Amino acid sequence: MNREQEQQLLDYYSTADKYIRSQLHSNAHQSVFTKENDKYQWLVLEQKSQSEVEVRQTDRHGTITARDNYELTRNIPKCVSVERICEGANFQIPFNADEINLIYQFGEQSKTETCANLSAILPQVKDSGTRQIVKSTLKKLNALSEETCAELTATTKRRKIAERDHSIRARLAKAKEQSKQPTVAEQKRHRTNTKGKGDKAVMRKLDTLVADFPDTYSLIGQDEVSKTYSFPKSHVSYRKPRAVSTEQRERARKQMKKINKKLLSVINYN
């Protein structure tokens, strides 16, 4: 995890009461951030592997209230799992990607407002699968404390907005790069094909074209058995193979037999 990725993760969980890096508790495997005058509220970024980071957040009592996992395979950390502590119990409630998307779309500052928004859309949802996702999201949010629910909504929105902005910047950069590339028409005009053949008759023809039209045809490489030429794609033609019927083939065979017979007679005569 580099410093840029670390800052991105820190920004997701930062509030008005910002986190400060703890030099005492940070090491090569984890970065620890605390809040001023509070020795229990920590944000821990632990490197699980080269591409995996676990983020843990504790409350003012030192209890882990959030546990999220990220992949660092992209330019921006990708969230792969989200867990929040159940109110009044010591276990974490997992949220899947669909539930997180609903929280991003309908989440508000308070737990009451977020649940009210989800309850309002429930009668309008016709798809049974989507209805189940809305119901499960409501059930899980109701099991969280007001503070944990507000933190989950705020963190989700900050992360989703950052992902959206990064995606927009990436698409703009790609569009800018593509605008510098030649258009399809320009590529077709300037594109050339190379043709290497071991057939001496073909090479003689191409050698003649290279000599007569050096601006169009060029010899760009050769070895002991073949040569490689470069010329415009428009000079290449494609034809269907000639279809020869059995009758035509038999007639040609007989004609060739007659020719060979005449040649043989001439040779014997001489």
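Residues numbered from 1 in each chain as written. Predicted model: local features only at pLDDT ≥ 70, side-chain atom pairs only at ≥ 80, totals over all residues. Heavy atoms only, no water.

Draft legend 1. Fine view of the overall build of the chain. Scanning the chain from terminus to terminus reveals eight helices and ten strands. Relative to its 270 residues, the chain shows a buried fraction of 29%. Summarising the internal contacts of the chain: among those between residues at least 6 apart in sequence, 44% fall at separations of at least 24. (Helix = DSSP H or I, 4+ residues; strand = E, 2+ residues; numbered from the N terminus. Buried < 20%, exposed > 50% of the residue type's maximum accessible area, 1.4 Å probe, protein only. Contact = heavy atoms within 4.5 Å.)

Draft legend 2. Layout of the confidence of the model for the chain. Per-residue confidence for the chain averages 84 on the pLDDT scale, and 89% of its residues sit at or above 70. For the chain, the element scoring lowest by mean pLDDT is helix 6 (residues 184-190), at 47; strand 7 (residues 92-95) scores highest, at 96. Below a pLDDT of 50 lies the segment residues 184-191, which in the model reaches three contacts outside its immediate sequence neighbourhood of four places, other chains included. (pLDDT = per-residue confidence, 0-100.)

Draft legend 3. Inspection of the pattern of salt bridges at higher detail. Applying the stated criterion across every chain, the model contains 14 salt bridges. Ionic pairing is found between Glu54 and Arg56, a salt bridge with its closest N-O pair at 2.6 Å. Each member of the pair Glu54 and Arg56 is classed as buried. Put simply, Glu151 and Arg84 hold a salt bridge, and the shortest N to O gap is 2.8 Å. One end of the pair, Glu151, is in helix 5 (residues 146-180); the other, Arg84, is in strand 6 (residues 78-85), and 67 residues separate them in sequence. For the residue pair Glu151 and Arg84, the accessibility class agrees, reading buried in each case. Taken together, the shared-partner salt bridges in this structure form one network comprising Glu46, Lys48, Glu54, Arg56, Arg67 and Glu83. (Salt bridge = Lys/Arg side-chain N within 4 Å of Asp/Glu carboxyl O.)

Draft legend 4. Broad picture of the nonpolar core. Counting residues in hydrophobic clusters, the biggest one holds 31 residues, and the most contacted among them are Leu43, Val55, Phe95, Leu141 and Leu152. Counting residues per element, this core draws most heavily on helix 1 (residues 3-13), which supplies four residues. Those residues within four positions of Leu152 in sequence are excluded, and the remaining contacts are Val82, Arg84, Phe95, Ile100, Ile103, Leu141 and Leu144. (Core = buried A, V, L, I, M, F, W, Y, C linked by side-chain atoms within 4.5 Å.)

Draft legend 5. Main features of the pairing of strand 3 (residues 38-49). Direction of pairing for strand 2 (residues 30-35) relative to strand 3: antiparallel, over a ladder of six bridges. When the bridges of strand 3 are listed, Phe33 appears paired with Leu43. Between strand 2 and the antiparallel strand that follows it, strand 3, lie two residues; Asn37 among them carries a positive phi value of about 65°. Where strand 3 meets strand 4 (residues 52-58), six bridges bridge the pair, whose relative direction is antiparallel. (Pairing = 2+ DSSP bridges.)

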